[in-house]
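Read off the chains here:
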Amino acid sequence: MRITVIGGGYVGLTTGVCFAHLGNEVMVVEKIPQKVELLKKGRSPIYEPGLEELLQENLREGRIHFTTDLREGLEFSHVIFICVGTPQKPDGSADLSQVEEVARETAKLMKSYKLLIEKSTVPVNTHKLIKRTVQRYLKDPNIPYDVASNPEFLREGSAIEDFLKPDRIVVGVESQRAKEIFEKLYKDFDCPIIYTDPATAELIKHASNSFLAMKISFINMVADLCEKTGADVKLVADGMGYDKRIGRAFLNAGIGYGGSCFPKDVKAFIRMAQDYGLNFGLLREVERINQERPAKFVEKLKKVLWSLKDKKIALWGLSFKPNTDDIREAPSIKVAELLIKENALLSLYDPKAMENFKLLFPEGKQINYAKDPYSAVEGASALLILTEWEEFVKADLGKVKELMELPIILDGRNIYEPQEVKALGFEYYPTGR
Ligand code: UGA
């Protein structure tokens, strides 16, 4: 099939590259010319395992094309995926101006049937606003079109795998014509495909992200309780997780969730409920618990070290999760801010995210970026683990101990077994264990 993807960000690029990989012909419309130039050369503007290789392969096969021109994108195909950003406004609601712009500009250029598909996360009933906008700007009001919701559930760091092997596909459609296009598009996917109305599809996405965030905040509170009582949160999560109704996933306690989705989506969900006259107080607590995590972590460090002033503190992991260079809403940002306030000296290391972090925290008197995990810990009074990169899981802790001034580890991601680390002579403070 021929497919047009509007927006070459995380979701758009993965969607485009993966559909091309499945044998479709894809045109990605991206506004930023520099990005298009980069993509045409087979370079990915974001770090995502496997993405660049797949991009290059499909460029070679001639199955993926890039343009800045919306008109070209619309002439290419009648299947249009809207993958533009839906960032957060200061009041917590979703900023849908990019979605509105795509709907408006598409309508002005439309000459024949189009299926407009929302893939970005949007508040429930956004499809109605898209339809109203398209209808208003159409040159000829008789040109047929459909608006559908087909939310994406991929995670950063495992985007390709998640796209190609999803747990389920959700499609919200209003016409048989649109439904048949999706049936063709997803015919080779071996997972449940749920056909429903667009409002339900939109809600499934938002509710799923909010629910997962709730699981994380829940287990983080249980972790705090474990620390007070001597129980082990990892085993509590295992014990709970065997219950099929609960499931073990997203019950890893730690320093809290970050990224471009959960913090924003939980806020937008609360806000949206409020707009419909409902107080989703449960999610306000989820958010509050999460916002407290970095401060609680730094408090713990202060208890361990007494004063942080002029002490070298090593930070391993700056991205909001492993296998990405993304630092949006990463807990590391708040931890770094709090440590700077305490006049600590920060020694930072991350396999991929240091360049992005430098934009927020330039190198200086209090901030130093290390070339590898070992030089980061040299002379440090404590090591804080903020992201569970494989490189840290496999690190030579014997070497780390020799290099540090004090062998103290605070683990915000529970990557080590307490007995093993303690046996090496470390003072080890995991989360909730
Ligand atoms: C999330 C969802 O998992 C995807 O299904 C969804 O498509 C995506 O948002 C989106 O809406 O675009 P993502 O933000 O890439 O994906 O990353 P996750 O793997 O969900 O992790 C989010 C945060 O939660 C990370 O900071 C992670 O460290 C944290 N987390 C996750 C925990 O603290 N504990 C856990 O048990 C799991």
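The structure presented is a predicted model; accordingly, all values stated were derived computationally and were not measured. (Residues numbered from 1 in each chain as written. Predicted model: local features only at pLDDT ≥ 70, side-chain atom pairs only at ≥ 80, totals over all residues. Heavy atoms only, no water.)

**Examining the overall build of the protein chain**
Heads up, the condition is: Counting from the N terminus, the helices are DSSP H or I runs at least four residues long and the strands are E runs at least two residues long. Throughout, radius of gyration means the C-alpha value; the globule benchmark is 2.2 Å times the number of residues raised to the power 0.38. Whether two residues are in contact is decided by their heavy atoms, any of which lying within 4.5 Å being enough.
In terms of helices and strands, the protein chain carries 18 helices and 14 strands. Relative to the 2.2 N^0.38 estimate, which gives 22 Å for 433 residues, the radius of gyration of the protein chain is 24 Å and therefore close to what a compact globule would have. With respect to the principal axes defined by its C-alpha atoms, the protein chain has extents near 75 × 45 × 40 Å. For the protein chain, the share of sequence-separated contacts (at least 6 apart) that also reach a separation of at least 24 residues comes to 71%.

**A word on unusual backbone geometry**
Leaving glycine aside, a negative phi is the common case for residues, and trans is the common case for peptide bonds. Inclusion rule: For every residue, the accessible area (1.4 Å probe, protein chains only) is compared with the maximum for its type, and the residue is labelled buried under 20%, exposed over 50%, or partly exposed between those bounds.
One non-glycine residue with positive phi stands out, namely Asn343, at about 65°. Topologically, Asn343 is positioned in the loop between helix H13 (331–341) and strand S10 (345–349). We classify Asn343 as partly exposed; its relative accessible area is 37%. We note that Asn414 has phi near 50°; this positive angle belongs to a residue other than glycine. Along the polypeptide, Asn414 turns up in the loop between strand S13 (408–411) and helix H18 (418–423).

**Let's talk about the pattern of salt bridges**
This is how it is decided: Any Lys or Arg side-chain nitrogen found within 4 Å of a carboxyl oxygen on Asp or Glu counts as a salt bridge.
Applying the stated criterion to the full structure yields 34 salt bridges. With a shortest N-O distance of 2.8 Å, Arg104 and Glu100 are connected by a salt bridge. Highlighted residues: Arg104 and Glu100, both in helix H5 (residues 97–109), separated by four residues, approximately one helical turn. Under the relative-accessibility criterion, Glu100 is labelled partly exposed at 32%. Among the salt bridges present, the one from Lys309 reaches Asp310, with a minimum N-O distance of 3.5 Å. Taken together, the shared-partner salt bridges connect Asp224, Glu285, Arg288, Glu292, Arg293 and Lys296 into one network.

**Considering the nonpolar core**
Filter applied, for reference: The nonpolar core is taken to be a set of buried Ala, Val, Leu, Ile, Met, Phe, Trp, Tyr and Cys residues, with the residues joined through side-chain atoms within 4.5 Å.
Counting 52 residues, the largest nonpolar core has Trp316, Leu339, Leu384 and Tyr416 as the members making the most contacts within it. The contact partners of Leu339, leaving out residues within four places of it in the chain, are Val298, Leu301, Leu308, Ile313, Leu315, Ala344, Leu346, Gln366 and Leu384. Ranked by size, the runner-up nonpolar core spans 37 residues in total, among them Phe81, Tyr113, Ala159 and Ile160.

**Looking at the site of the ligand**
Put simply, the rule reads: If a single non-hydrogen atom of a residue is within 4 Å of a molecule or strand, that residue counts as near it. What sets the accessible areas is the Shrake-Rupley method with a 1.4 Å probe; for residues, cover comes only from the shown protein chains. Ten residue types, Ala, Val, Leu, Ile, Met, Phe, Trp, Tyr, Cys and Pro, are classed as nonpolar, four, Asp, Glu, Lys and Arg, as charged, and the remainder, Gly among them, as polar.
Residues in close proximity to the ligand total 19 residues, the closest being Phe153, Leu154, Glu156, Asn209 and Lys321. The fraction of the free accessible surface of the ligand (720 Å²) that becomes covered by protein chains is 92%. Counting only elements with at least two residues in the shell around the ligand, the list comes to helix H9 (198–229) and helix H11 (262–275). By residue number, the principal contributor to the shell around the ligand is H9, which donates three residues. A class-by-class count of the residues in the shell around the ligand yields nine nonpolar, three polar and seven charged.

**As for the pairing of strand S2 (residues 25–29)**
The cut-off we apply is this: Two strands are counted as paired when DSSP detects at least two bridges linking them. Note on handedness: a clockwise path from strand one over the helix to strand two, with the strands aimed away from the viewer, defines a right-handed crossover.
Among the five residues of S2, four are classified as buried, and the element is accordingly described as predominantly covered. For strand S1 (residues 2–6) and S2, the ladder comprises five bridges, and the chain directions are parallel. Counterpart to Ile6 in the pairing with S2 is Val29. A crossover connection joins S1 to the parallel S2 through helix H1 (residues 10–21); in handedness this β-α-β unit is right-handed.

**Notes on the packing of aromatic side chains**
The condition that has to hold: Stacked, tilted and edge-to-face are the three classes assigned to paired rings of Phe, Tyr and Trp, where Trp is represented by its six-membered ring and a pair needs centres within 6.5 Å; plane angles under 30 degrees give stacked, over 60 edge-to-face, the rest tilted. We call a charge positioned over a ring when the NZ of a Lys or the CZ of an Arg lies within 6 Å of the ring centre and within 35 degrees of the ring normal.
All told, the structure shown has 12 aromatic pairs when counted by the stated rule. A centroid spacing of 4.9 Å and a plane angle of 20° characterise the contact between Phe357 and Phe361, whose relative ring orientation is stacked. Each member of the pair, Phe357 together with Phe361, is buried. Three or more aromatic residues joined by ring pairs form one cluster here, namely Phe19, Phe81, Phe163, Phe182, Tyr186 and Phe189. One Lys or Arg, Lys179, reaches over the ring of Tyr195 and ends 5.0 Å from the middle of that ring. A cation sits over an aromatic face here: Lys352 above Tyr47, 4.5 Å from the ring centre.

**A closer look at the environment of Leu39**
In this structure, Leu39 sits in helix H2 (residues 33–40). Looking at Leu39, the relative accessible area reads 0%, which means it is buried. For the pair Leu39 and Ala20, spaced 19 residues apart in sequence, the C-alpha separation works out to 14 Å.

**Brief notes about the side chain of Ser93**
Which entries qualify depends on this criterion: What qualifies as a polar contact is a pair of N or O atoms within 3.5 Å, subject to a donor-acceptor requirement within protein and to the restriction that residues adjacent in sequence count only when both atoms come from side chains.
Here Ser93 is to be found in the loop between strand S4 (79–82) and H5. A distance of 2.6 Å separates the side chain of Ser93 from the side chain of Asp91, its partner in a polar contact. Excluding residues that lie within four positions of it along the chain, Ser93 makes contacts with Pro87, Gln88 and Arg271.

**A look at the sheet that holds strand S11 (residues 367–369)**
The line we're drawing: Lines fitted to C-alpha atoms define the axes, with helix axes restricted to the stretch in contact, and inter-axis angles between N-to-C directions lie between 0 and 180 degrees.
Strand order in the open sheet made by the six strands is S11-S10-S9-S12-S13-S14, with parallel pairing throughout. Of all strands in the sheet, those with a lone pairing partner are S11 and strand S14 (427–429), marking the two edges. Pairs of neighbouring strands in the sheet enclose a mean axial angle of 20°, with direction left out of account. Here strand S9 (residues 312–316) runs beside strand S12 (residues 382–385); their pairing, made up of four bridges, is parallel. Along S12, the bridge assignment pairs Trp316 with Ile385. Against the sheet, helix H12 (residues 281–305) makes contact with S9, S12, S13 and S14, and its axis sits at roughly 160° relative to S13, the strand it touches most.

**What to know about the packing of H9 against H11**
The condition that has to hold: In this scheme, a crossing is called left-handed if the near helix is turned counterclockwise away from the far one by less than a right angle; it is called right-handed if the turn is clockwise.
Where H9 contacts H11, the two axes come as close as 9 Å, and the packing angle between them is 115°. For the element pair H9 and H11, the recorded crossing hand is left-handed. The residues of H11 that touch H9, namely those facing Leu203, His206, Ala207, Asn209, Ser210, Leu212, Ala213 and Ile216, are Phe262, Asp265, Val266, Ala268, Phe269 and Met272. Class assignment of the residues belonging to the contact of H9 with H11 gives a composition of 10 nonpolar, three polar and one charged.

Bear in mind that shape data such as this cannot, by itself, settle questions of function.
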